[in-house]
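The chain contents come next:
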Amino acid sequence: MADDSGSPSPSSASPLQHHREALKSSVRNTAASRRREQAIAIGKERREALIRAKRVCRAPISGSDEAEMEEGDMVVDEEKACLEAKTAHAVEELKSALSIQGKGVQKKKIEALRDLRRLLSQPEVPLVDTAIKAGAVPLLVQYLSFGSSDEQLLEAAWCLTNIAAGEPEETKSLLPALPLLIAHLGEKSSTLVAEQCAWAIGNVAGEGAELRSTLLAQGALRPLTRLMFSSKGSTARTAAWAMSNLIKGPDPKAANELITIDGVLNAIIASLEKEDEELATEVAWVVVYLSALSDRGISLIVRSSVPQLLIGRLFSSENLQLLIPVLRGLGNLIAADDYMVDSVLTVGNNIIDQALSGLIKCLKSDNRVLRKESSWALSNIAAGSFEHKKLIFASEATPVLIRLVTSAQFDIRREAAYTLGNLCVVPTGNCELPKIIVEHLVAIVDGGALPGFIHLVRSADVDTAGLGLQFLELVMRGYPNKQGPKLVEMEDGIEAMERFQFHENEQMRNMANGLVDEYFGEDYGLDE
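Residues numbered from 1 in each chain as written. Predicted model: local features only at pLDDT ≥ 70, side-chain atom pairs only at ≥ 80, totals over all residues. Heavy atoms only, no water.

Identification of the protein as Importin subunit alpha from Oryza sativa subsp. indica is taken from an unreviewed UniProt entry. A UniProt comment under Function (unreviewed entry) is attached to the protein, and it reads "Binds specifically and directly to substrates containing either a simple or bipartite NLS motif. Promotes docking of import substrates to the nuclear envelope." Word for word, the UniProt comment on the protein under Sequence similarities (unreviewed entry) is "Belongs to the importin alpha family." (UniProt positions renumbered as here; feature names shortened; annotations may be inferred.)

Below, the structure written as structure tokens:
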């Protein structure tokens, strides 16, 4: 499957910048493009660990006439050549059934479609390429024609669904079928047919930006949104999954269009209110992309009941597939809109207590994504009011973050470092250095975090090294009794800073050299 690769261009201004201002001095803040970077990264995570962006449909949709797959229909140990021959023959039978007339023709069409569908549904030998080369796609498009029976439409759409789940070029072969697949999402179609067509469209959308653009241009967004309102759980789940594939980044056009559709926010809320965790998972991914790509979407979502519903899920669920999109969506909202922290996560309310408990649970998880995302969300809450800082500092989060900043993987250490650093400072609102919360700084340093920050200073990533330098500045300036420089020296911090003496980055060079000159100049140690 194709991956949407490439680096997004940082925007000149973003809501994310505010939450990192507290720990920003002369080092450029890189938070501006974070949400859009995440919108691209999610696809890789879903492929590797969580929810496949494309899915083969092996069993019938619940409620169809065929209650279960017949056991023994497929001999799994047949030779590949034999299965390929059967597939080519099945396509020929499709062609033959289209050309005959008279009694029994409908039965023959259904049998031909079903034979091909079963071949395309078996996992042992990929047969999509064989079916395409035999001419299956244009035949299946004819079987999708209006006026056909629901059973015929369902089988044809099912075949196309599994072709769309193939390799990139195989998925692209479905271009002639897209207008009819979209048309069968409409209100005049049966729920079963519409759901199967949504599944096929979701597979096509999961392939890449080019096919998503085609689907959007052909009008897939609105009828797919309508299906999210379905009272049938599997239909709503499939529609939400397909929708998340259709709107994912980095282009914000689809997300911005989706949030303007009447009732879409109500559909999201209604889905999250249900006990169905699979539905909540798919809808949470829709929230992830809306909050990553649409400023208007963010504004509407944070002022609805969605944040509270997500926090409730974060607090109560142990389902990894649900927790990851819930946490990512919350992280986006917290980072993007001050209203989320200032008015939703107000200290003293039950909602902030639930949020903090849920974030700590994820922080302590063995799952890397949960640890990273919870650290990121906490860093943005910690950049809020003094009350927020005190609440996090007094919680179980602080010792966990100290452990992470010294021993976790690089990306998690960096997020934990932002959180700990933000717990130690109050921004002044002007160009002056931030005011230090000495109690927090001392506890974090004495808890063992300093070596982790010095390790960050040695990072090849300039922004991460700058984060480490900023924390060293806090320690040397604010640790009581002027003991900060000595603590930094004991952990080889001078050597770490001196590596920037001739660094090509002027800001980093000036910052590091300035700190060394100020705290370790000619007079250093003379008053001991």
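Peer 1: Is there a simple way to explain the overall build of the protein in this structure?
Peer 2: Of regular secondary structure, the protein possesses 31 helices and 2 strands. Per-residue burial for the protein yields a buried fraction of 55% across its 528 residues. Considering only residue pairs separated by 6 or more positions, the protein has 74% of its internal contacts joining residues 24 or more positions apart. Accessible surface for the protein amounts to roughly 22100 Å². Of this, 49% is attributable to carbon and sulfur atoms. (Helix = DSSP H or I, 4+ residues; strand = E, 2+ residues; numbered from the N terminus. Buried < 20%, exposed > 50% of the residue type's maximum accessible area, 1.4 Å probe, protein only. Contact = heavy atoms within 4.5 Å. Areas by Shrake-Rupley, 256 points an atom, 1.4 Å probe, with all protein chains shown as cover.)

Peer 1: I tried to follow helix 31 (residues 506-519) on my own but got confused; where do I start?
Peer 2: The α-helix winds at 3.6 residues per turn, so residues separated by three or four positions along the chain end up facing the same way. End to end, helix 31 covers 20 Å across 14 residues, agreeing with the expected 20 Å (1.5 Å per residue, within 8%). For helix 31, the complete set of buried residues consists of Met508, Met511, Ala512, Leu515, Val516 and Tyr519. Seen from one end, helix 31 has its buried residues packed into an arc of 125°, which puts them on one side. Of the exposed residues in helix 31, the ones pointing more than 90 degrees away from its buried face are Glu506, Asp517 and Glu518. The N-cap of helix 31, judged by a side-chain oxygen 3.1 Å from the amide nitrogen of Gln507 a few residues on, is Asn505. (Expected span 1.5 Å × (residues − 1). Arc of directions from axis to C-beta. Polar contact = N/O pair within 3.5 Å; in protein donor to acceptor, adjacent residues only side chain to side chain.)

Peer 1: In this structure, what is going on with the confidence of the model for the protein? I would like to understand it.
Peer 2: A low pLDDT means the predicted coordinates there should not be read in detail. Taken as a whole, the protein shows an average pLDDT of 86; of its residues, 84% reach a score of 70 or greater. pLDDT under 50 marks residues 24-52. Its contacts with residues more than four places away, or in other chains, come to 83 contacts. Within the model, the stretch residues 67-77 combines pLDDT values under 50 with 14 contacts to residues more than four positions away or in other chains. (pLDDT = per-residue confidence, 0-100.)

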